[in-house]
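Listed here are the chains, written in short residue letters.
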Amino acid sequence: MLAFCLAQMLKLSKALKRFTIIEPGLRALGPQDANDYIDSMGLHYEALENLILIRAESCEFGQISLRRLVKLSYLEMQPQVLFFPGVIQLLPPPLESFLPPNLECLVLVDVNRASLQEIFWLFKVLEKLFTRKRSGALLPLLKRVTLICSLLLEVPLLLYEIAQAATVELLAVCGDPRHNARSFDGETSESVKDFLYQYKN
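Criteria and cut-off values
Residues numbered from 1 in each chain as written. Predicted model: local features only at pLDDT ≥ 70, side-chain atom pairs only at ≥ 80, totals over all residues. Heavy atoms only, no water. Core = buried A, V, L, I, M, F, W, Y, C linked by side-chain atoms within 4.5 Å. Buried < 20%, exposed > 50% of the residue type's maximum accessible area, 1.4 Å probe, protein only. Helix = DSSP H or I, 4+ residues; strand = E, 2+ residues; numbered from the N terminus. Contact = heavy atoms within 4.5 Å. Salt bridge = Lys/Arg side-chain N within 4 Å of Asp/Glu carboxyl O. Axes fitted to C-alpha atoms, helices over the stretch in contact; angles between N-to-C directions. Parallel < 35°, antiparallel > 145°, perpendicular 65-115°, else oblique. Left-handed = near helix turned anticlockwise from the far one by under 90°. Disulfide = S-S within 2.5 Å.

1. Focus: the nonpolar core
If you look at the biggest cluster of nonpolar residues, it comprises 51 residues, and the most contacted ones within it are Leu-51, Leu-82, Phe-83, Phe-130 and Leu-147. A per-element tally of this core places helix 4 (residues 116-134) first, with seven residues. Beyond its immediate sequence surroundings of up to four residues, Leu-82 is in contact with Gln-63, Ile-64, Leu-66, Leu-75, Met-77, Phe-98, Leu-99, Leu-106 and Leu-108. Residues Tyr-74, Val-107, Ile-148 and Leu-171 belong to the second largest nonpolar core, which totals nine residues.

Below is the structure:
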């Protein structure tokens, strides 16, 4: 029902550049498949630049596909929704098959809600993403990946080094990402503004 209402709202002649969907609380009120949200944006695939999609905790996640959002430069989403569809033990399909091609800034929220196994796989997926970016095979415009955590999260030093080699700023932020922060190399980030913990393994 919620996806249907959104589809009606999105039947606008004026193209949207920013869109936010936050499902409240623990109970899933939105569609089972997050792709229903993306399908409802059909008129805005070539205009949308900023998308925030936060799903309720009780949702069962299917693989979301954002390839159609060709102008999308900013994406904020839970890692479970973006990278871990269905059975967590399975890695996602090839990253280029579902990530928006012109992404510049990726913000992964509620990272601490993931299990230890999910966090392990997240680091593996990010390592693959940075390696593919460095080779020129994936997300050539990507500049920054931010992990939003409610508790201290130990990010391997090697992952920072791989990100730097791919000219991507990797940030781990405790709290709201819109407050002051410092990146791993000590330079003040322009887009993230809360205190940044510098994690070392």
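Here the narrative resumes.
2. Quick look at the pattern of salt bridges
Note on pairing: side chains with opposite charge can pair once their charged atoms come close. Evaluation of the coordinates by the stated rule reveals four salt bridges. A salt bridge links Arg-68 to Asp-39; the shortest N-O distance between them is 2.7 Å. Residue Arg-68 is located in the loop between strand 2 (50-54) and strand 3 (74-77), and its partner Asp-39 is located in helix 2 (residues 35-39); the two are separated by 29 residues in the primary sequence. With a closest N to O distance of 3.8 Å, Lys-143 and Glu-104 form a salt bridge. On the criterion of sequence distance, the pair formed by Lys-143 in the loop between helix 4 and strand 5 (144-149) and Glu-104 in the loop between helix 3 (79-83) and strand 4 (105-108) is long-range, its members being 39 residues apart. Exposure remark for Glu-104: the relative accessible area of 30% places this residue in the partly exposed category.

3. Digging into the packing of helix 4 against helix 5 (residues 157-165)
Closest axis-to-axis distance for the helix 4/helix 5 pair is 8 Å, and the angle between their directions is 20°. Comparing their axes, helix 5 and helix 4 come out roughly parallel. Where helix 4 crosses over helix 5, the handedness of that crossing is left-handed. Contacts between helix 4 and helix 5 involve Phe-123, Leu-126, Glu-127, Phe-130, Thr-131 and Arg-134 from the first element and Leu-159, Ile-162, Ala-163 and Ala-165 from the second.

4. With respect to the state of the cysteines
The tally for this structure, following the rule as stated, stands at zero disulfides. Free cysteine: Cys-174, not disulfide-bonded; nearest cysteine sulfur from Cys-149 at 6.8 Å.

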